[in-house]
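Each chain, letter by letter, is given below.
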Protein chains: 2
Amino acid sequence: MLTLHHLEYSQSFRILWLLEELGLPYELKKYDRDKKTMLAPEDYKAVSPLGTAPVITDGPVTLAETNAIVEYLLDKAEQDGGKKSPLRPVMGDPSYVKYLFWFHASQGSMMPLLLIEMLFGIMAKRAPFIMRAMVDKLAEKLGETFTGPRLKKLLAAAEADLASTKWFAGDTLSAADIVMSYCMESAKAKGHIDATRPHCQRWLDQMHASPGFQTAKEKDGRPGMVPVM
Amino acid sequence: MLTLHHLEYSQSFRILWLLEELGLPYELKKYDRDKKTMLAPEDYKAVSPLGTAPVITDGPVTLAETNAIVEYLLDKAEQDGGKKSPLRPVMGDPSYVKYLFWFHASQGSMMPLLLIEMLFGIMAKRAPFIMRAMVDKLAEKLGETFTGPRLKKLLAAAEADLASTKWFAGDTLSAADIVMSYCMESAKAKGHIDATRPHCQRWLDQMHASPGFQTAKEKDGRPGMVPVM
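Please read all numbers here as calculations on a predicted model, not as lab measurements.

J.: Just to check I follow, could you spell out the sheet that holds strand β2 (residues 27-31) of chain B for this structure?
T.: Sheet strands associate in pairs through backbone hydrogen bonding, adopting either a parallel or an antiparallel arrangement. Residue and element names in this part refer to chain B. Spatial strand order, β2-β1-β3-β4: four strands in an open sheet with mixed pairing. Two strands bound the open sheet, and with one partner strand each, they are β2 and β4 (61-64). Neighbour-to-neighbour, the strand axes of the sheet open up by a mean angle of 20°, direction not taken into account. Strand direction decides the pairing type here: strand β3 (residues 55-58) and β4, joined by four bridges, are antiparallel. Bridge pairing in β4 links Val55 to Ala64. In the packing of helix α1 (residues 13-22) onto the sheet, contacts are made with β1 (2-7), β2 and β3, and the angle to β1 comes to roughly 145°.

Laid out in structure tokens, this is it:
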């Protein structure tokens, strides 16, 4: 039986949403984080080979890494259904190139940039009090030269694409939207999506209103996708 | 005409290698980094929408993001050749699950961890002299709690997999090896692949000796894939 080992407030929400969209039969096993450390519990670590989220099991298969799991589930659904999934446009489809870009930019660019930004923040907080201002400044400088401009360009590209189509890869939902959901929620939580990015905000709103997302959210049972830090 | 805009010492070496493996006709346009700043030149930035490497153009298509380009080129080669590429195992193939994991773990986990490690190093170097030891310590602590253990687990998984098969997804070369090449070269340059990881080292050696890699290296014309920092 296909099982999603779902760690609360983690990137695995996307897999829950995808499973709802695909209509594949699956078992949902939920795991709470340690309330103090926010780390994954021992029984989760026992099933996740690298301690990361998400992870699925399916008979003899244990698979980690968001986009690997997304491809696996799309392949499984296509094999079961005997036809291509509309969630994954193929070469020749007008939405194919945008799909490829956003599907891979999610994990290959946007998540790393947001993660680096978060780590710089943690670093400044952990510095001894008298050093904090200086570490803050160093982190800010590196942010200005490295993460900031890249993140800005990526969000500007998202804004431009979402100004011309409803979803990231055209006018229907695709797996690119599903993987981008966690990045966009994180970007919103960090203040990167404001009044200057109305199409990114519209995309977030329409995602929250979509039936598959809502069912996933009910099953998840948490107020949001990303932890409040 | 399909064109690889190849920035020296960048992640685009992988695309050059893939093109050689696929035997697709392509034009190679090489770009040198600024000798002082190591930044990409203006004519490269003009063609790369986000200023990142790699980037390809193909008629009206401009595409960035390593794994997006890899999928695009595999699709193109399969369409031209009329059959599935052995470089991308499909569901049902014994190497399929490992392929999916390593293909996506490359950009989704290993590159970000190596990038964070590199940024922490830069941060310590840029700190005012009297603060340097403290910033170094802070970076080291964050490395110990965050990047270090994750990178260790990932490399241990690579070592275990490469102990049982010749390449990352079985006994023949796949696109997972090609995307992992830059990560493994970077890991080696950072001292993460030593005598305790003989199978990772063997994989690096056999990669260097493979004909497609050697042709790509000749066309690249640089002594190595990753910049010496």
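J.: In this structure, what is going on with helix α8 (residues 211-220) of chain B? I would like to understand it.
T.: An α-helix turns once per 3.6 residues; consequently, residues spaced three or four apart project the same way. Residue and element names in this part refer to chain B. Residues Gly212, Phe213, Ala216 and Asp220 constitute the buried set of α8. One face of α8 carries all of its buried residues, which in axial projection span an arc of 100°. Across α8 from its buried face, at more than 90 degrees, point the exposed residues Pro211 and Glu218. As for α8, its buried residues are in contact with β1, α1, β2, α6 (175-189) and α7 (198-209).

J.: Whenever I open this one, the relation of the copies chain A and chain B confuses me. Can you help?
T.: For the pair of chain copies, the relating transformation is a rotation about an axis with a translation along it. Once turned by 180° and shifted 0.0 Å along the axis, chain A lies on chain B with an RMSD of 0.0 Å. Taken together, the rotation and translation relating the two chain copies correspond to the operation of a two-fold axis. An overlap of 100% is found between the interface residues of chain A and their copies at the interface of chain B, pointing to a shared contact surface.

J.: Which parts of the structure should I look at to understand the sheet that holds strand β1 (residues 2-7) of chain A?
T.: Residue and element names in this part refer to chain A. Spatial strand order, β2-β1-β3-β4: four strands in an open sheet with mixed pairing. Two strands close off the open sheet at either side, each with one partner strand: β2 (27-31) and β4 (61-64). The mean angle between the axes of side-by-side strands here comes to 20°, regardless of whether they run parallel or antiparallel. The strands that helix α3 (residues 66-81) touches are β1, β3 (55-58) and β4; relative to β4, the one it contacts most, it runs at about 130°.

J.: Explain the state of the cysteines here, please?
T.: A complete count under the given rule lists zero disulfides over all chains for this structure. Distance from the sulfur of B:Cys183, which forms no disulfide, to the nearest cysteine sulfur (B:Cys200) is 12 Å.

J.: For this particular structure, what's the right way to read the nonpolar core?
T.: Membership of the largest hydrophobic core comes to 165 residues, with the highest contact counts inside it found for A:Leu73, A:Met184, B:Leu73 and B:Met184. When neighbours within four sequence positions are excluded, A:Leu73 is seen to be in contact with A:Leu2, A:Ile15, A:Leu18, A:Leu19, A:Leu22, A:Leu24 and A:Ile56.

J.: Sorry, what's going on with the packing of aromatic side chains here?
T.: When we look at a pair of aromatic rings, we describe it by the centre distance and by the angle of the planes. Residues and elements named next belong to chain A. Across all of its chains, the model carries 19 aromatic pairs over all chains by this definition. Here Phe168 and Trp203 contribute two aromatic rings whose centre-to-centre distance is 5.2 Å and whose plane-to-plane angle is 70°, an arrangement assigned as edge-to-face. In this pair, Phe168 sits in the loop between α5 (132-164) and α6 (175-189) while Trp203 sits in helix α7 (residues 198-209), placing the two residues 35 residues apart along the sequence. Comparing Phe168 with Trp203 shows no difference in burial state: the two are buried. Through pairs of rings, three or more aromatic residues link up here, namely Phe101, Trp102, Trp167, Phe168 and Trp203.

Rules of the game
Chains are numbered independently. Their residues run from 1 in the order of the written sequence. Here every chain gets a letter starting at A, and every ligand a number starting at 1, in the order they are written. Totals for whole chains, interfaces and linings use every residue, but because this is a predicted model, local features are given only for residues with pLDDT of at least 70 and side-chain atom pairs only at 80 or more, for both listing and counting. Side-chain metrics in this entry use all non-hydrogen atoms of the structure; hydrogen atoms and water are not considered. When DSSP finds two or more bridges between a pair of strands, those strands are recorded as paired. The secondary structure listing takes helices from DSSP runs of H or I that are at least 4 residues long and strands from runs of E that are at least 2 residues long, numbered from the N terminus. A fitted line through C-alpha atoms represents every axis, and for helices the fit uses only the stretch in contact; the resulting angles, taken between N-to-C directions, go from 0 to 180 degrees. Residue contacts are counted whenever heavy atoms from the two residues lie within 4.5 Å of one another. Under the scheme applied here, a residue whose accessible area is under 20% of the maximum for its type counts as buried, over 50% as exposed, and between as partly exposed, the area being computed with a 1.4 Å probe on protein chains only. An arc is given here, and it is the one of the directions from the helix axis to the C-beta atoms. Here the copies were fitted onto each other by least squares, based on C-alpha atoms from residues at pLDDT of at least 70 in both. Here, two cysteine sulfur atoms that lie within 2.5 Å of each other are counted as a disulfide. Only buried residues count toward a nonpolar core, which is a set of Ala, Val, Leu, Ile, Met, Phe, Trp, Tyr and Cys residues joined through side-chain atoms within 4.5 Å. Centres within 6.5 Å make a pair out of two Phe, Tyr or Trp rings, where for Trp the six-membered ring is used; the pair is then stacked when the planes are under 30 degrees apart, edge-to-face when over 60, and tilted otherwise.

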